[in-house]
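# Overview (structure and organization)
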Amino acid sequence: MWKEASPRTIYLKDYQPVPWVIRTVDLDFRLHEKGTRVISRLTLERNPAFTGQAAELRLDGEGLKPVWLRLDGSELHGDAYGIDDQGLVLFNPPEQFVLESEVELAPEKNTTLQGLYRSGSMFCTQCEAEGFRHITWYLDRPDVMARFKVRLEADRDKYPVLLSNGNPLERGELPDNRHYAEWEDPHPKPSYLFALVAGKLKYIEDSFETASGRPVRLRIYVEPENIDKCDHAMQSLIRSMRWDEEKYGREYDLDVFNIVAVNDFNMGAMENKGLNIFNSKYVLARPDTATDDDYLGIEAVIAHEYFHNWTGNRITCRDWFQLSLKEGFTVYRDQEFSSDMGARGIKRIDDVRMLRAHQFAEDDSPMAHPVRPASYMEINNFYTVTVYEKGAEVVRMQANLLGPELFRKATDIYFDRFDGQAVTTDDFVRCMEDASGRDLTQFRHWYDYAGTPELTVQGEYHPDEQVYRLQVRQSVPDTPGQKNKPPFHIPLVVGLLDSHGRDMPLDRSDGSARPELLEVMEKEQTFEFRNLPEAPVPSLLRGFSAPVKLNYPYSDAELVFLMAHDSDGFNRWDAGQELAQRVLLKLVEQAPEGADMLAEFTHAFHRALDAAHSDPALLSEVLSLPSESLLGERMEVVDVEGIHAAREQVKAHIGKRLHDDLLSHYRDLGEEGEYQVTPETIGRRRLKNLLLTYLTASGSREAVDLCVQQYQAGHNMTDVIHALTLVADGDHPARQELLDDFAARWHADPLVMDKWFSVQARSSRKDTLERVMALQEHPAFSITNPNKVRALIGSFAMGNPFCFHSADGKGYTFLVDKVLQLDGINPQIAARLLRSMARWRHYDKARRELARGQLERVAGQNGISRDVYEVASKSLQG
Ligand code: B3K
Ligand code: ZN
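Here the residue index of a chain counts from 1 through its sequence in written order. Here every chain gets a letter starting at A, and every ligand a number starting at 1, in the order they are written. Residues qualify for local features only when their pLDDT is at least 70, as the model is predicted, and side-chain atom pairs are given and counted only at 80 or more; totals for whole chains, interfaces and linings, by contrast, use all residues. Note: side-chain values were computed over all heavy atoms of the structure, leaving out hydrogens and water.

### Quick notes on empty space enclosed by the protein
For clarity, the cut-off: Put simply, the grid is 1 Å and covers the protein atoms alone, a cavity is a trapped set of points that fit a 1.4 Å probe, a pocket is an open set with protein on both sides within 12 Å along at least five of seven lines, and lining residues have an atom within 4 Å of a point. Grid points are joined across faces, edges and corners, and a volume is the space filled by probe spheres set on the points. Helix and strand definitions follow DSSP, with helices as H or I runs of at least four residues and strands as E runs of at least two, each counted in order from the N terminus. Asp, Glu, Lys and Arg are counted as charged, while Ala, Val, Leu, Ile, Met, Phe, Trp, Tyr, Cys and Pro are counted as nonpolar; the rest, among them Gly, fall into the polar class.
All told, the structure shown has two cavities of 30 Å³ or more when counted by the stated rule. If you add up the space inside the largest cavity, you get close to 60 Å³. Along its surface, the largest cavity is lined by M563, G576, F601, A604, F605, A608, V622 and L623. Ranked by the residues each element gives to the lining of the largest cavity, the list is headed by helix α11 (residues 594-610), at four residues. Looking at the lining of the largest cavity, its residues break down into seven nonpolar, one polar and no charged. The calculated volume of the second largest cavity comes to roughly 40 Å³. What lines the second largest cavity is S324, L325, F329, G391, V395, T425, F428 and Y447.

Spelled out as structure tokens, the structure:
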């Protein structure tokens, strides 16, 4: 906990190598619920890369109770070292030495879920970013890579399973009903990748033979009651291992690969070497407990953590400013994997939808920061959509600029050149340059500057010359601490449609070999296409070729045309979304033309619905309305009630006008046979449930009965939870009965109960906040469990803008009460929740005052954590 007047800021420009490095680490854990002992033996030597003067060595260590300390075998005298609340300083250590120590920890009291802690009846760890310093004295930074050997001992009955990184060595029995196990990791690694688990767990096992013939034993460990929910995770793992060999030539490098699912976890999962620890949400699935999105999420996160073995573990980050080196690249890799496994077009739409809703919002908030930040107070606050998802887009742009062959060549260079090292995003880009011979100096701005670039495009057709000129202007908005940014290097992929909606052959006047790819590099630039017999309709930013906002003065009719004809599926969808936004925003304004536009929109909707050849998955994307938050971003001042009312109005209008047609499509899409997770079946369920949403909005008796029937039929969790969501959002007489039924049935399954909390917290009913408050007393809720906090409080603050931003300010007060309560329990989760207030300046004056008051309440609190202080103070400044 931070005690000074204001916490320190760490700057990238201050980076220096460490004066000593650690070569080997031997750890011995004597696990006890109360008072775990950690005995450590480090071999250290002067770092040849360190050129400065340093007589003393500071090791990180927080909350450690020292027992003893020895240097080269002798107990250290009091004048040879000092200990403060940040760590241990050795005043004059030799060039090369062995440091041994014993410390005592209190894992049962650790509610922060970093370092060593208890989840249920097991012990586990979380060390990224700076958790290892809560376990023992260490140089807890990613550029110190050492070989680890670990011995664990614990009670034999309570903790039959003892796991750590690397390969298993020997295990054996000890007196007093205890036992031990030893593990050795041959690959040097930074401390943030250390892990251990001890518990009474069951596992499923499979095996994998790598391309070069190495057999690998795969296990997924879970609490015994979950053993029937691991198959999907195991299959996802096997597919990821194969894919990484085929796409990147990367093989696994240990004899075993273990995954453990725990219930108490701050984020999704953690890529510890050979021992991935997962939030159980991203492992456990059975058709009756998990939705299609859960299945897809598991596949993606299992792949993500597995892929980190090369992009993160073998090659890691020099410092935490380089976080996107591993996260951006690994997200890009998991997105590509999911695209190859499932429906590529749909995956792209879902990813962009998420990027626009969350990352664009972050970029346009006081929390905006570059993909490679230049400073931070608390690194845990930088595991953001910018570092992850925008970081992935930045890698995708490079992959597209180079093309598949050169990109593969570049990643081969990267893996060869930097294996076993801690490097920077700049090193990564240099590999792209070396493989392609291109200069990416200007491209690097994507890493260094925050803010979403805007492209404003205009087209001019000259019939006499048969040429079409696209004039492109770019600008990057100011963000905290960064003004007047230089122009970026932006890949803008385009097509030109003729009047029949066909792609016209592209012939650029500059003779470009890839005429569809416009490399925008100037503030203002014109691209010319020749030999065009008629005026084209441009299809811009195909496939969302860059994470930018695009302005082009399309008429409504042109959008309808693109929606129907564009050969780029992404842009077909995007044209429809743009049209929907226009209609919705007009209705919010209560503009007179709103009614006509709605009628037109309903026609277009109807045509799309009845088009015989449509793929259900794509259709469900096309027919989905933009979210309330996305609409809010398009307004100068967010009209909370107006946006909600407009969306409800459109849904009800479509539901009524197209009622019988929606109904017959709904029936056609009904569940047949056994539940399967394929792109086809997922698409059908998505569409069916979307149609049910519109039907319910019509208010017809029939529709509401259908929800109850779908709930009761209980085919799978996707259908059940969707039906329950719709019923819980209204006043249906069966509402309480269904909610009670669900809770009675699933009270013992924490992940399913998360859905129950979330459904109620997302309801737009007037009494939602009251319900959320009351639900904190429910026996299945727990303020110390992050999944529960996210399900109830997070869903309310981030998934229910209508209720959270209610005009009376009660949402804000409630949130800040929770942030302050949680700050004493788990600062990372508290800080995460507080981010939902960051965009407070986008609201009307009354709301702004209320929000500011609450943020000031946080910032003024004594002894607040660094995590929460950083979010509160930046939100107020920005
Ligand atoms: N690397 C971890 C995230 C750690 C977050 C620490 N606050 C999971 C992942 O991105 O794979
Ligand atoms: Zn990651």
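Don't stop here, the text continues.
### Description of the nonpolar core
Heads up, the rule is: Here, the term nonpolar core denotes a set of buried Ala, Val, Leu, Ile, Met, Phe, Trp, Tyr and Cys residues that are joined through side-chain atoms within 4.5 Å. Three exposure classes are used, based on accessible area relative to the maximum for each residue type with a 1.4 Å probe and protein chains only: buried under 20%, partly exposed in between, and exposed over 50%. By definition in these notes, contact holds between two residues if any of their heavy atoms fall within 4.5 Å.
Counting residues in each nonpolar core, the largest one holds 285 residues, and the members touching the most others are F29, F194, Y414, F742 and L834. A total of ten residues in this core trace back to one element, the largest contributor, which is helix α10 (residues 569-589). In this view, F194 contacts L27, F29, T125, C127, F132, I135, F148, V150, S164, N165, K189 and N272; residues no more than four positions away in its chain are not counted.

### So, the coordination of the zinc ion (ligand 2)
Applicable threshold: Counted as coordinating are nitrogen, oxygen and sulfur atoms within 2.8 Å of the metal, or 3.2 Å for Na, K and Ca, while water is not included, which may make sites look incomplete.
Note on the zinc ion (ligand 2): its protein donors are H304 (NE2), H308 (NE2) and E327 (OE). The metal-donor distances range over 1.9 to 2.1 Å. Ordering the donors of the zinc ion (ligand 2) by residue number gives the pattern H-x3-H-x18-E. In this pair, the class of H304 matches that of H308, namely buried.

### Some remarks on the pairing of strand β13 (residues 161-164)
The test is simple: A pair of strands is considered paired only if DSSP assigns at least 2 bridges between the two.
Residues V161 and L163 point to one face of β13 and L162 and S164 to the other, with burial holding for every one of them. Pairing of β13 with strand β16 (residues 196-199) involves four bridges; the strand directions are antiparallel. Directly across from L163, in β16, lies its bridge partner V197.

### Thoughts on the packing of aromatic side chains
Going by this rule: Two rings belonging to Phe, Tyr or Trp (six-membered ring only in the last case) form a pair when the distance between their centres is within 6.5 Å. Interplanar angles under 30 degrees mark stacking, angles over 60 mark edge-to-face geometry, and anything in between is tilted. In our convention, an over-ring charge means Lys NZ or Arg CZ found within 6 Å of a ring centre and within 35 degrees of that ring's normal.
The full count for this structure, using the stated rule, is 41 aromatic pairs. Measuring from ring centre to ring centre gives 5.0 Å for W446 and F488, while their planes differ by 75 degrees; the resulting arrangement is edge-to-face. Pair noted here: W446 is in helix α8 (residues 445-448) and F488 is in the loop between β26 (467-475) and β27 (490-497), with a separation of 42 residues, a long-range link. Of the two residues examined, W446 and F488, each falls in the buried class. Here K13 stacks its cationic end above the ring of Y11, 4.3 Å away from the centre of that ring. Of note, R333 hangs over the ring of F329, and the distance from its end group to the ring centre comes to 5.6 Å.

### Details of the environment of A646
Position of A646 among the secondary structure elements: in helix α14 (residues 640-657). Using a relative accessible area of 4% as the deciding quantity, one classes A646 as buried. Along the backbone, A646 and K586 are 60 residues apart, and their C-alpha atoms lie at a distance of 8.8 Å. For A646, the residues in contact, after removing those within four places along its chain, are L584, L587 and V588.

### Some details on the site of ligand 1
Defined as follows: To be near a molecule or strand, a residue needs just one of its heavy atoms within 4 Å of it. Here a polar contact means two N or O atoms within 3.5 Å. Within protein one must be a hydrogen donor candidate and the other an acceptor candidate, and residues neighboring in sequence count only if both atoms are side-chain atoms. Areas reported here follow the Shrake-Rupley algorithm with a probe of radius 1.4 Å; residue values treat only the protein chains shown as occluding.
Around ligand 1, the structure places 15 residues, and the nearest of them are E128, E271, E305, N380 and Y388. Residue E271 places a side-chain N or O atom 2.8 Å away from a nitrogen atom belonging to ligand 1. At 3.0 Å, a side-chain N or O of E327 approaches an oxygen atom of ligand 1. If ligand 1 stood free it would expose 340 Å²; the protein chains cover 95% of that surface. For the shell around ligand 1, the secondary-structure elements that each account for two or more residues are β20 (269-270), α2 (292-307) and α3 (323-341). Of the residues that constitute the shell around ligand 1, the class distribution is six nonpolar, four polar and five charged.

### Comments concerning the UniProt feature "domain: Peptidase M1 alanyl aminopeptidase Ig-like fold" (unreviewed entry) in the protein
Put simply, the rule reads: UniProt positions are given in the numbering used here, feature names are shortened, and annotations may be inferred rather than shown by experiment.
Within this structure's numbering, the places UniProt gives as "domain: Peptidase M1 alanyl aminopeptidase Ig-like fold" (unreviewed entry) are residues 451-552. Taken end to end, residues 451-552 has its terminal C-alpha atoms 20 Å apart, with 0% of it in helix and 42% in strand.

### With respect to the packing of helix α20 (residues 750-761) against helix α21 (residues 768-775)
Put simply, the rule reads: Whenever a helix is involved, its axis is fitted only over the stretch in contact; in every case the axis is a line through C-alpha atoms, and angles between N-to-C directions fall within 0 to 180 degrees. Note on angle classes: values under 35 degrees are labelled roughly parallel, values over 145 roughly antiparallel, values of 65 to 115 roughly perpendicular, and the remainder oblique.
Packing of α20 against α21 leaves a shortest axis separation of 9 Å and a crossing angle of 150 degrees. The angle between the axes of α20 and α21 places the two elements in the roughly antiparallel class. Residue-level contacts link W756, F757, Q760 and A761 of α20 to T768, R771, V772 and L775 of α21. In terms of residue class, the contact of α20 with α21 is built from five nonpolar, two polar and one charged.

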